[in-house]
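So the chains spell out like this:
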Amino acid sequence: MAEEDPFCRYRSPLVSRYASPDMAFNFSERKKFSTWRRLWLYLAKAEKSLGLPITDEQIQEMEAKLDSIDFKMAAEEEKRLRHDVMAHVHTFAHCCPKAAGIIHLGATSCYVGDNTDLIVLRDGFNLLLPKLARVISRLADFAEKNADLPTLGFTHYQPAQLTTVGKRCCLWIQDLCMDLHNLERARDELRFRGVKGTTGTQASFLQLFEGDHDKVEELDRLVTAMAGFKRAYIVTGQTYSRKVDIEVLSVLASLGASVHKICTDIRLLANLKELEEPFEKDQIGSSAMAYKRNPMRSERCCSLARHLMILIQDPLQTASVQWFERTLDDSANRRVCLPEAFLTADIILSTLQNISEGLVVYPKVIARRIQQELPFMCTENIIMAMVKAGGNRQDCHEKIRVLSQQAAAVVKQEGGDNDLIERIRADPYFNPIHGELESLLEPKSFTGRASQQVARFLKEEVYPILTPYKSKMDVTMELSL
């Protein structure tokens, strides 16, 4: 029963529940093993072009069978041989009998294994980058729309000087722009392992070409170009350096930190009822508390971002224990951490895009909270106005201090509203500035250059980096779960 019913076997929720079909395919068995076959084809083509006795008929036979993989036969061969690469060499050779003798010629297992990993990592970045760009674009629209809307700032999660909703969003965008740059850099710096042989010395290929070093180097260059890479690593062991995996997962972990911070802010603002993620018509927030509007998408992002951030520990440990030219204790670990990092990054970006496309702002709640705190924040402005009107700064400071503590007691001990301004209006000492109080309490006068910063930031730093992704910006993100 368990063998027939897929629901009787564990399935990673990263694939079954969350990740996009494109990213799931990128790390699929079909992508992996069809890429192995393409790499064998590239090798054969390059070896033929450099004079080895390989025929057009053999090449054509391999080309015709790139995607015709008998997975059952491959599994049986691997069970028999206890070697995954040789199992697929035999399986490929079975359907390409004329080419059987030249498949994998001169290569080691890492020729297909490591080079395929590098292709998959590159393609993974190419899937993530447009998604990240779309998130930045949606948040930029939100920031521009709310560039002038004053809101209470928080430091230490305590009320602080006012900012604007748009300016706060730009803090999120700035982190994501750094992530976009880092993902592009990590992708562009990936090199191909290329054609290096068992311990990276290219000895087998030097023998095939009878000591012709130029041909061995040209073979490496040709295969690298066929795989779509500009450069290959000049030196490798049996594998490419596992520090490459550290660089790849490092930028993804950093993206996870950015998303966690953004979605934590949204969760806190949802509690304050100032900002909410989209909430669908029939969505249920709680099975018991029918009124609840839990920020479940932001919570999902935080949950998965934590997983993404800790995955960096795997390649750090792996790289540190690769003895000499390589050990095999990297293999099982990398089968897990590399796909999971990209699958996790994929779903948090899809979810964050969905959030950013439907953020809801509640200006009246924001304005009410400002009015609760603004009387305290405007005290410095009141002192300055009194000094300009001829008052003594120290005397005024003492008056404000006493009245502020009285107003604070009303708020904290009695649960009342902040009545500091009423107390100032009632105190004859402040008669010289009573006519200015309204202008002194205008929230926009406390936001400084926030709106100007938003405009300049979007124009100079955000929109230019989104230009390469414009053709992919129109995709909206609806989550199935």
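Details of the structure are given in the entry above.
Residues numbered from 1 in each chain as written. Predicted model: local features only at pLDDT ≥ 70, side-chain atom pairs only at ≥ 80, totals over all residues. Heavy atoms only, no water.

K.L.:
An account of the overall build of the protein is needed here, citing residue identities and associated values.
P.N.:
Per the secondary structure count, the protein includes 20 helices and four strands. Here the C-alpha atoms of the protein give a radius of gyration of 31 Å, more than 25% beyond the 23 Å that 2.2 N^0.38 yields for 481 residues. When its C-alpha atoms are laid out on the principal axes, the protein stretches across 105 × 55 × 40 Å. Within the span of the protein, comprising 481 residues, buried residues form 49% of the whole. Of all intrachain contacts in the protein linking residues separated by at least 6 positions in sequence, the fraction that spans at least 24 positions is 78%. Accessible surface, the protein as shown: approximately 24700 Å² in total, 52% of it carbon and sulfur. Seen as two clouds, the 62 positive and the 65 negative side-chain charges of the protein have centres 2 Å apart. (Helix = DSSP H or I, 4+ residues; strand = E, 2+ residues; numbered from the N terminus. Rg over C-alpha atoms; globule rule 2.2 N^0.38 Å. Buried < 20%, exposed > 50% of the residue type's maximum accessible area, 1.4 Å probe, protein only. Contact = heavy atoms within 4.5 Å. Areas by Shrake-Rupley, 256 points an atom, 1.4 Å probe, with all protein chains shown as cover. Lys, Arg positive; Asp, Glu negative; His and termini not counted. Charge placed at Lys NZ, Arg CZ, Asp CG, Glu CD.)

K.L.:
Any details on the nonpolar core? Residues and values, ideally.
P.N.:
For soluble globular proteins, the rule of thumb is that nonpolar side chains tend to be buried together. Among the nonpolar cores identified, the biggest contains 133 residues, and Trp 40, Tyr 111, Ile 173, Leu 252 and Ile 382 are the most heavily contacted of them. With 16 residues, the top contributor of residues to this core is helix α7 (residues 109-145). Once residues lying within four places of it in the same chain are set aside, the contact partners of Trp 40 are Met 62, Val 85, His 88, Val 89, Phe 92, Ile 103, His 104, Tyr 111 and Val 112. (Core = buried A, V, L, I, M, F, W, Y, C linked by side-chain atoms within 4.5 Å.)

K.L.:
Account for the environment of Val 244, naming residues and giving values.
P.N.:
Take Val 244: it is sitting in helix α11 (residues 243-271). The spacing of Val 244 and Thr 164 is 80 residues in sequence and 41 Å in space, taken between C-alpha atoms. Look past the residues within four positions of Val 244 in its chain and what remains in contact with it is Leu 118, Leu 190 and Tyr 233.

K.L.:
Any chance you could break down the state of the cysteines for me, citing the residues and the numbers?
P.N.:
In this structure the tally under the stated criterion is zero disulfides. There is no disulfide at Cys 301, and the cysteine sulfur nearest it, in Cys 263, is 3.9 Å away. Here Cys 378 is not disulfide-linked; the sulfur of Cys 396 is the nearest cysteine sulfur, at 11 Å. (Disulfide = S-S within 2.5 Å.)

K.L.:
For the pairing of strand β2 (residues 158-164), give the residues involved together with the corresponding values.
P.N.:
Sheet topology places strand β1 (residues 150-155) next to β2; five bridges connect them, and they run antiparallel. Across the sheet, Pro 150 pairs through a bridge with Thr 164, a residue of β2. (Pairing = 2+ DSSP bridges.)

K.L.:
Break down a nonpolar patch on the surface for me, citing the residues and quoting the values.
P.N.:
A cluster of nonpolar side chains, Val 321, Trp 323 and Phe 324, forms an exposed patch at the surface whose accessible area comes to about 420 Å². Mapped onto the secondary structure, Phe 324 falls in the loop between α13 (313-320) and α14 (331-356). In this structure Phe 324 comes out as exposed when scored by relative accessible area, which is 82%. (Patch = residues over 30% accessible without salt bridge, like charges linked within 9 Å, V, L, I, M, F, W, Y side chains within 5 Å. Salt bridge = Lys/Arg side-chain N within 4 Å of Asp/Glu carboxyl O.)

K.L.:
Talk me through helix α10 (residues 213-226); I want residue IDs and the actual numbers.
P.N.:
In a regular helix each residue adds 1.5 Å, so 14 residues correspond to 20 Å; α10 covers 20 Å between its end C-alpha atoms and thus fits that length. Listed in full, the buried residues belonging to α10 are Val 216, Leu 219, Asp 220, Leu 222, Val 223 and Thr 224. Among the structural elements, α3 (29-49), α7 and α9 (203-208) are those in contact with the buried residues of α10. If you check the start of α10, you find a side-chain oxygen 3.1 Å away from the backbone N of Asp 214, and it comes from Asp 212. Phi for Gly 228, located one or two positions after α10, is positive at around 90°. (Expected span 1.5 Å × (residues − 1). Polar contact = N/O pair within 3.5 Å; in protein donor to acceptor, adjacent residues only side chain to side chain.)

K.L.:
Got a sec to walk through the packing of helix α8 (residues 165-189) against helix α20 (residues 450-466)? Specific residues and values, please.
P.N.:
Two numbers describe how α8 lies on α20: the axes approach to 10 Å, and their chain directions differ by 20°. The angle between α8 and α20 places the two elements in the roughly parallel class. As for the relative orientation of α8 and α20, their crossing is left-handed in sense. Residues Gly 166, Lys 167, Cys 170, Ile 173, Gln 174, Cys 177 and Leu 180 of α8 form the contact with α20, whose own contacting residues are Ala 450, Gln 453, Val 454, Phe 457, Leu 458, Glu 461, Val 462 and Ile 465. Taken together, the residues that form the contact of α8 with α20 break down as 10 nonpolar, three polar and two charged. (Axes fitted to C-alpha atoms, helices over the stretch in contact; angles between N-to-C directions. Parallel < 35°, antiparallel > 145°, perpendicular 65-115°, else oblique. Left-handed = near helix turned anticlockwise from the far one by under 90°. Nonpolar A, V, L, I, M, F, W, Y, C, P; charged D, E, K, R; others polar.)

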